[in-house]
Amino acid sequence: SELRLIGGRRRNQVGLFVLAAVPILLAVVTKMTASDRRRGGDIIGQITGNGLFVPLAAFTFEMAMFLPLAMAMLAGDAVAGEANSGTLRYLLTVPVSRARLIAVKYASLCIGALWGVLVVAVPGALVGVALFGFGSMTTLSGSSISGPDALVRVGIVCLYLAAGLAGLAAIGLFVSTLTEQPIAVTVAVMIFTIVSWILDGIPQFDWLHPWLLVDRWMSFTDVLRDPIAWDVMREGLLVDTGYAVVFVLAAWARFAGKDITS
């Protein structure tokens, strides 16, 4: 039922369309403007060599703003949206514990995170392959890997980025238990994301960088090295897990004793 609610809202459908449009637009513009010679050395420069680089290049743009915004909107609807529409009280009359309700809400947000990532990856890969072909992929290390291996690596990237967004969803879920205004949740989560990116770009705060949720999001590019550089990504997953555990528990603690008035 939660997934039907998420997929049935018109604004979420429009958001998915925007997410899917970015890699398609990137592929078309690259096809129209790129020369036959690849630049190399970065993801965007490799697009013309293999269509699977299209979704990977799109992720470098979408993880900065669009995907976090999508998660902020979903988190706003999770609890605050139910309270704002007046359905939360009726939902709690069902003989289900509040802990289970929070667990289901967070599980749906995690699925939504993977959903959003795949909406970028699948159309981007299909359009990229159609425009630039599919075959062996030149990694950022300069070596070549087979097409099936490249597909597996794109799948790993999707799972890694979905885990990062799941950590952000936990923050949004907690904020959603503090208010009855979903727009307030969206704004709060986006402010958190933007401030995190700003702090992550200031060298004077390098002591804080390892603790920032966004710090290792872009390290998904390590999957495109040969061999895959797992160290930074492993640290990123630990940070994602830490944020998820802390804020889901905080959401449960807040919601378990919350007086539901609407």
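Everything quoted here is computed from the prediction, not taken from an experiment. Counting restarts for each chain: residues are numbered from 1 in the order of the written sequence. It should be noted that, the model being predicted, local features are given only for residues of pLDDT at least 70 and side-chain atom pairs only at 80 or more, the latter also being counted only at that level, while totals for whole chains, interfaces and linings use all residues. With hydrogens and water stripped out, all remaining heavy atoms of the structure feed into the side-chain values.

**Structural notes on the overall build of the protein chain**
- A tally of helices and strands in the protein chain yields nine helices and two strands.
- Labels follow the DSSP assignment, with helices taken as runs of H or I lasting at least four residues and strands as runs of E lasting at least two, numbered in each case from the N terminus. Listing the helices and strands of the protein chain from first to last along the sequence gives α-α-α-α-α-α-β-β-α-α-α.
- Taking 2.2 N^0.38 as the reference for a compact globule, 262 residues should give roughly 18 Å; the C-alpha atoms of the protein chain span a radius of gyration of 20 Å, in line with that estimate.
- Its C-alpha atoms give the protein chain principal-axis dimensions of about 65 × 40 × 30 Å.
- The buried share of the protein chain, taken over its 262 residues, is 45%. Radius of gyration: over C-alpha atoms. The globule rule applied is 2.2 Å multiplied by the number of residues raised to the 0.38 power. The classification of residues rests on relative accessible area computed with a 1.4 Å probe and restricted to protein chains. Under 20% of the type maximum is buried, over 50% is exposed, and intermediate values are partly exposed.

**Some remarks on the layout of surface pockets**
- Definitions used for this entry: grid spacing 1 Å over protein atoms alone; cavity, a set of points where a 1.4 Å probe fits but cannot get out; pocket, an open set with protein on both sides within 12 Å along at least 5 of 7 lines; lining residue, one with an atom within 4 Å of a point. Grid points are joined across faces, edges and corners, and a volume is the space filled by probe spheres set on the points. What the largest pocket holds in volume is close to 270 Å³.
- Asn 12, Gly 15, Leu 16, Leu 19 and Ala 70 are, among the 19 residues lining the largest pocket, the residues nearest its centre.
- For the lining of the largest pocket, the elements supplying multiple residues, two or more each, are α2 (10-33), α4 (66-85) and α6 (98-132).
- Looking at the lining of the largest pocket element by element, the count peaks at seven residues for α4.
- Of the residues assigned to the lining of the largest pocket, the class counts are 14 nonpolar, four polar and one charged.
- In terms of lining residues, the second largest pocket is bounded by twelve residues, among which Ser 1, Leu 91, Val 96, Leu 101 and Val 104 are the most central.
- Elements supplying a minimum of two residues to the lining of the second largest pocket: α1 (2-8), α5 (88-92) and α6.
- Per element, the largest residue contribution to the lining of the second largest pocket is three residues, and it comes from α6. Amino acids are sorted into nonpolar (Ala, Val, Leu, Ile, Met, Phe, Trp, Tyr, Cys and Pro), charged (Asp, Glu, Lys and Arg) and polar (every other residue, Gly among them).

**Section: empty space enclosed by the protein**
- Throughout the structure, instances matching the rule amount to one cavity of 30 Å³ or more.
- Looking at the largest cavity, its volume works out to about 80 Å³.
- Taken together, Glu 2, Leu 5, Ile 6, Arg 9, Leu 74, Asp 77, Ala 78, Glu 82, Lys 105, Ser 108 and Leu 109 form the lining of the largest cavity.
- Of all the secondary-structure elements, those providing two or more residues to the lining of the largest cavity are α1, α4 and α6.
- Here the lining of the largest cavity is built from residues that sort into five nonpolar, one polar and five charged.

**What to know about the packing of aromatic side chains**
- Note on aromatic pairs: the rings of Phe, Tyr and Trp (six-membered ring only in Trp) are paired at centre separations within 6.5 Å, and the planes decide the class, stacked below 30 degrees, edge-to-face beyond 60, tilted for the rest. Summed over all chains, the structure comprises six aromatic pairs.
- Arranged with centres 6.5 Å apart and planes meeting at 65°, the rings of Phe 192 and Tyr 243 form a pair that is edge-to-face. Note that Phe 192 is positioned in helix α8 (residues 182-200) and Tyr 243 in helix α9 (residues 231-256), a separation of 51 residues in sequence.
- Overall, the relative accessible area of 26% leaves Phe 192 in the partly exposed class.
- Assessed through its relative accessible area of 17%, Tyr 243 is described here as buried.

**Overview of the environment of Ala 166**
- By the element assignment, Ala 166 lies in helix α7 (residues 147-176).
- By relative accessible area, Ala 166 is classed as buried at 10%.
- C-alpha separation for the pair Ala 166 and Thr 179, spaced 13 residues apart in sequence, amounts to 20 Å.

**Section: α2**
- Between its first and last C-alpha, α2 extends 34 Å over 24 residues, near the 34 Å set by a 1.5 Å rise per residue.
- When the local axis directions of α2 are compared, the greatest deviation, roughly 25°, occurs at Ala 21, which is followed within four positions by the proline Pro 23.
- By the burial criterion, the buried members of α2 are Asn 12, Leu 19, Ala 20, Val 22, Pro 23, Leu 26, Ala 27 and Thr 30.
- Contacts are assigned to residue pairs that have any heavy atoms within 4.5 Å of one another. Check the buried side of α2 and you find it contacts α1, α3 (53-62), α4 and α6. By definition here, a helix of n residues has an expected span of 1.5 Å times n minus one. The seven residues ending at a residue and the seven starting there each receive a fitted axis; the angle between those axes is the bend at that residue.

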